[in-house]
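Commentary on secondary and tertiary structure
The residues making up each chain are set out below.
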Amino acid sequence: MKRIAVFTSGGDAPGMNAAVRSVMRSASKLGLHVFRINRGYQGMIEGDIQRLENLDVKNIIHRGGTILKTARSNDFRTKEGRQQAADSLMSFDIEGVIAIGGNGTFTGAKIFHEEHHIPFIGVPGTIDNDLYGTDFTIGFDTAINTAIDAIDKIRDTADSHNRLFFIEVMGRHSGFIGLYTGLGSGSSGILIPEKAHDTEALINVLKKGIKRKKLFSLVVVAEGDESGGAMKIAERVKKEFPQYETKVTIIGHLQRGGSPTCMDRILASRLGHAAVKALISGETNKMVGQINNKIKLTPFEDCISKENRPSKDLLELAEILALG
Ligand code: F6P
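What counts, and at which threshold
Residues numbered from 1 in each chain as written. Predicted model: local features only at pLDDT ≥ 70, side-chain atom pairs only at ≥ 80, totals over all residues. Heavy atoms only, no water. Helix = DSSP H or I, 4+ residues; strand = E, 2+ residues; numbered from the N terminus. Rg over C-alpha atoms; globule rule 2.2 N^0.38 Å. Buried < 20%, exposed > 50% of the residue type's maximum accessible area, 1.4 Å probe, protein only. Pairing = 2+ DSSP bridges. Phe/Tyr/Trp six-rings, centres within 6.5 Å; stacked < 30°, edge-to-face > 60°. Lys NZ or Arg CZ within 6 Å of the ring centre and 35° of its normal. Near = heavy atom within 4 Å. Polar contact = N/O pair within 3.5 Å; in protein donor to acceptor, adjacent residues only side chain to side chain. Areas by Shrake-Rupley, 256 points an atom, 1.4 Å probe, with all protein chains shown as cover. Nonpolar A, V, L, I, M, F, W, Y, C, P; charged D, E, K, R; others polar. Domains from an automatic or database assignment. Patch = residues over 30% accessible without salt bridge, like charges linked within 9 Å, V, L, I, M, F, W, Y side chains within 5 Å. Salt bridge = Lys/Arg side-chain N within 4 Å of Asp/Glu carboxyl O. Contact = heavy atoms within 4.5 Å. Buried area = accessible area lost by both parts, 1.4 Å probe.

**Notes on the overall build of the protein**
For the protein, the helix and strand inventory stands at 11 helices and 11 strands. Compactness check: the protein gives a C-alpha radius of gyration of 22 Å against a globular reference of 20 Å for 324 residues, within 12% of the reference. The C-alpha extent of the protein, read off along each of the three principal axes, is 70 × 35 × 35 Å. Taken over 324 residues, the protein has a buried fraction of 53%.

Structure representation (structure tokens):
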């Protein structure tokens, strides 16, 4: 294998640039030519492909976002779109591809590989941490630290004004960000998709807090929680708490940007390097991940069909520590 390509796809995640840098440097050490595919699968379809050089990846390890840009491509969902993408790769004589992204990215890669047999290796890059086959995804650590920073600031003002705050964090289908930031911020309630929603239980915990003369409270809500998000749950419970002014903050896309934490940079560097090694040793249709500090390969099939769920221990701990 002499010519490989790399792209980022789906929602961006801090650390994707560090992964691209690691792919470039590791591949160049092995004498490979690296091509950049811009804007994910859409760029692959449109032939938006250029040589990537070592110089292009200097000064990017600390930058959030992705220098390769990203997109969610509807055209790639069609057979014709995937045929065009294969034609583009062939016109550049690309023999293997490294895809940095999440669930949707690997679903696309698996179908594409079945149809066109071009070797693909995945690198888990998503703030949601919802991929089976790795303990943590690139971007998660940065996202939770960004969110914690925001929640700590809300805590200050909630305390000063005696308010009840509902804070919505990202995670359309996954509660990792909600659980970690809820636990890390000492919030009284954590509402996430992996836990059955119980409005009464939440009201009881908050009331217990009031009995204990608690003057403010924070509740973290994942955007994908069945309560319907922070706005809805705040609307539903606020009449129960006339002593508090109830406020809602949606942290939103702030969580997706910013300079990656050191942990994300190291994870991205390790996984980018592992992806190159896997590709040249003939592996395909697999994602590189880090499990118990060891690099592991997991078939796309499993990454897509199995779930990474928050551990029972952490869920229980959240219940115990949320005294209200
Ligand atoms: O997949 C990461 C993620 O940030 C989710 O947590 C969120 O629901 C979604 O992407 C938002 O996507 P978009 O930026 O396309 O609105």
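**Regarding the pairing of strand β8 (residues 217-222)**
With six of its six residues buried, β8 lies for the most part within the structure. Both faces of β8 are covered, namely the face carrying Ser 217, Val 219 and Val 221 and the face carrying Leu 218, Val 220 and Ala 222. Pairing geometry for strand β6 (residues 163-169) and β8, over six bridges, is parallel. If you follow Val 169 over to β8, its bridge partner there is Ala 222. When strand β7 (residues 189-191) meets β8, the two strands line up parallel, connected through three bridges. Residue pairing for β8: Ile 190 is matched across the bridge by Val 220.

**Digging into the packing of aromatic side chains**
In the structure shown here, the tally under the stated rule is 13 aromatic pairs. When the ring of Phe 76 is compared with that of Phe 112, the centres are 5.5 Å apart and the planes differ by 40 degrees; the resulting orientation is tilted. Separated by 36 residues along the polypeptide, Phe 76 in the loop between β3 (49-52) and α3 (79-91) and Phe 112 in helix α4 (residues 103-116) bring together distant segments of the chain. Here Phe 112 falls in the buried class, since its relative accessible area comes to 0%. Between the aromatic rings of Phe 112 and Phe 120, the centroid separation amounts to 5.6 Å while the plane-to-plane angle is 75 degrees, which identifies the pairing as edge-to-face. The class for Phe 120 is buried, based on a relative accessible area of 0%. Here a set of aromatic residues connected by ring pairs shows up, and it is made of Phe 7, Tyr 41, Phe 76, Phe 112 and Phe 120. Just above the ring of Phe 35 sits the side chain of Arg 51; from NZ or CZ to the centre is 5.9 Å. Above the face of the Phe 216 ring, Lys 214 is positioned so that its terminal group lies 6.0 Å from the ring centre.

**Focus on the site of the ligand**
All residues in the neighbourhood of the ligand are listed as Arg 72, Ile 127, Asp 128, Met 170, Gly 171, Arg 172, Glu 223, His 253 and Arg 256. Interatomic distance of 2.5 Å between a side-chain N/O atom of Glu 223 and an oxygen atom of the ligand. Arg 256 is positioned with one of its side-chain polar atoms (N or O) 2.9 Å from an oxygen atom of the ligand. Look at the ligand: alone it shows 400 Å² of surface, and the protein chains cover 78% of it. When its residues are assigned to classes, the shell around the ligand shows two nonpolar, two polar and five charged. Each of domain 1 (3-139 + 260-305) and domain 2 (142-256) accounts for three or more of the residues forming the shell around the ligand.

**Digging into a nonpolar patch on the surface**
Where nonpolar side chains cluster on the molecular surface, the patch consists of Met 1, Leu 30 and Ile 280 and spans about 250 Å² of accessible area. The residue Leu 30 is located in the loop between α1 (16-29) and β2 (33-37) in this model. Overall, Leu 30 belongs to the partly exposed group, its relative accessible area being 44%.

**Here's the deal with the pattern of salt bridges**
Overall, the coordinates contain 16 salt bridges when judged by the stated rule. Across the salt bridge formed by Glu 115 and Lys 79, the nearest N and O atoms sit 3.9 Å from each other. Placement of the pair is Glu 115 in helix α4 and Lys 79 in helix α3, with a sequence separation of 36 residues. Assessed through its relative accessible area of 55%, Lys 79 is described here as exposed. With a closest N to O distance of 2.8 Å, Arg 82 and Glu 115 form a salt bridge.

**Section: the domain arrangement of the protein**
According to the domain assignment, the protein consists of domain 1 (3-139 + 260-305) and domain 2 (142-256). If you average the C-alpha positions of domain 1 and of domain 2, the two centres end up 34 Å apart. The interface is formed by 13 residues belonging to domain 1 together with 12 residues belonging to domain 2. Buried surface at the junction of domain 1 and domain 2, both sides included, amounts to about 1000 Å², of which 52% is carbon and sulfur. Linking domain 1 with domain 2 are one salt bridge. For the salt bridge of Asp 12 with Arg 256, the shortest nitrogen-to-oxygen distance reads 2.7 Å. Run the count over domain 1 and domain 2 and you get six residue pairs in polar contact (both at pLDDT 80 or more). The class makeup of the residues in the side of domain 1 that touches domain 2 is four nonpolar, four polar and five charged.

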